[in-house]
Amino acid sequence: MCTVCGCGDSSVDPGHAHGHAHDHDHPHDHAHPHGHDHAHPHDHDHGHEPHHHDHHHNHDHAHPAAAAGSLDFGGGIAGVHVAGLTQARVVQIERDILSKNDSYAAANRARFAASGAFALNFVSSPGSGKTTLLVKTITDLKDSYPIAVIEGDQQTANDAERIRATGAPAIQINTGKGCHLDAHMVGHALDQLPAVSGGLLFIENVGNLVCPAAFDLGEAHKVVVLSVTEGEDKPLKYPHMFAAADLLLLNKIDLLPHLDFDLAATIEYARRVNPKIEVLTVSAKSGEGLPAFYAWIAKRAAAARAAAKAAG
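For clarity, every value in this text was computed on a predicted model and none was experimentally measured. (Residues numbered from 1 in each chain as written. Predicted model: local features only at pLDDT ≥ 70, side-chain atom pairs only at ≥ 80, totals over all residues. Heavy atoms only, no water.)

Before going further, it helps to spend a moment on the packing of aromatic side chains. Enumeration over the complete set of coordinates arrives at four aromatic pairs. Aromatic pair Phe-293 and Tyr-294: ring centres 6.2 Å apart, planes at 45°, arrangement tilted. Both residues of the pair, Phe-293 and Tyr-294, belong to the buried class. Judged by centre distance (6.5 Å) and plane angle (25°), the rings of Phe-293 and Trp-296 are stacked. One end of the pair is Phe-293 and the other is Trp-296, both in helix α8 (residues 290-311) and three residues apart, which spans about a single turn. Put simply, the rings of Phe-122, Phe-202, Phe-293, Tyr-294 and Trp-296 pair up and form one aromatic cluster. (Phe/Tyr/Trp six-rings, centres within 6.5 Å; stacked < 30°, edge-to-face > 60°. Buried < 20%, exposed > 50% of the residue type's maximum accessible area, 1.4 Å probe, protein only. Helix = DSSP H or I, 4+ residues; strand = E, 2+ residues; numbered from the N terminus.)

Here it is in structure tokens:
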């Protein structure tokens, strides 16, 4: 059950990770710092059968009135519609899932603090340029920091292979029918990555502007990447993601002369959703704006290490 989009089956164990990290040679019965031993079969179907909406709404909840010509399934106390489940049941499942996820995220965060690793969770829609941005960032910063990457996609190891070509270690997590990474998956991936003591861990989440917003992975910050080819109203259409992020990277600004895109409006929309969000304009292709992004990383990584040292 995804807390935001309602995908999945209510019978799925909230503590079970949907995806699996691969490109390694060891058996899947193993223990790691998350305090559990279990097997990971490679056939993760998890009940995510396609949802068909030609059903009758004989559920004990009501949807708020929608504008003429539209349907609104985001009403009720859960803010999401799941066929066959009451709003109260959806809320309880969400709480169970997020509580379990948060315990894994806390364990991940403790690992990062102990090693001095600065973790960023990159989120966006597919095609925003996240991987190209990471390749460029790693190439420019690898002499300054040890860097490792966790890649999330439904299928293929294409992006992990692109990252490894830079010389940085990368673990690919394939989520199958899952729409986001969770903290449990990330904990398993950390077991397979070399330590990046005092360095950077980049997590590239599954391309999706909805589900990853709700799942803490233990990162220091969520960084939402929005390309100027996607339209300026994305922060209003997908507010939860922009509300959860600390930094907005407006990517592909080298294309602005060829587009009808209102940069100022996009920034205003993002700050309407999240007044505290920081915004940087960048081009992974030309390198424009990237020094400011690198300075942002350096400043916040230093602050995170200082805070961890003071706390510990």
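With that settled, the discussion passes to helix α7 (residues 263-273). Within α7, the full set of buried residues consists of Ala-265, Thr-266, Ile-267 and Ala-270. Turning to α7, the residues buried within the fold contact β8 (221-227), α5 (234-237), β9 (247-251) and β10 (278-281). Between a side-chain oxygen at the N-terminus of α7 and the backbone nitrogen of Ala-264 the separation is 3.3 Å; the capping residue is Asp-262. (Contact = heavy atoms within 4.5 Å. Polar contact = N/O pair within 3.5 Å; in protein donor to acceptor, adjacent residues only side chain to side chain.)

The next point concerns the packing of helix α1 (residues 87-115) against helix α4 (residues 183-192). Interaxial distance between α1 and α4 falls to 8 Å at its minimum, and their mutual angle equals 35°. Relative to α4, α1 is oriented so that their crossing is left-handed. Every residue of α4 that contacts α1 at Asn-101, Tyr-104, Ala-105, Asn-108, Arg-111 and Phe-112 is listed here: Ala-183, His-184, Val-186, Gly-187, Leu-190 and Asp-191. Residues belonging to the contact of α1 with α4 are distributed by class as follows: six nonpolar, four polar and two charged. (Axes fitted to C-alpha atoms, helices over the stretch in contact; angles between N-to-C directions. Left-handed = near helix turned anticlockwise from the far one by under 90°. Nonpolar A, V, L, I, M, F, W, Y, C, P; charged D, E, K, R; others polar.)

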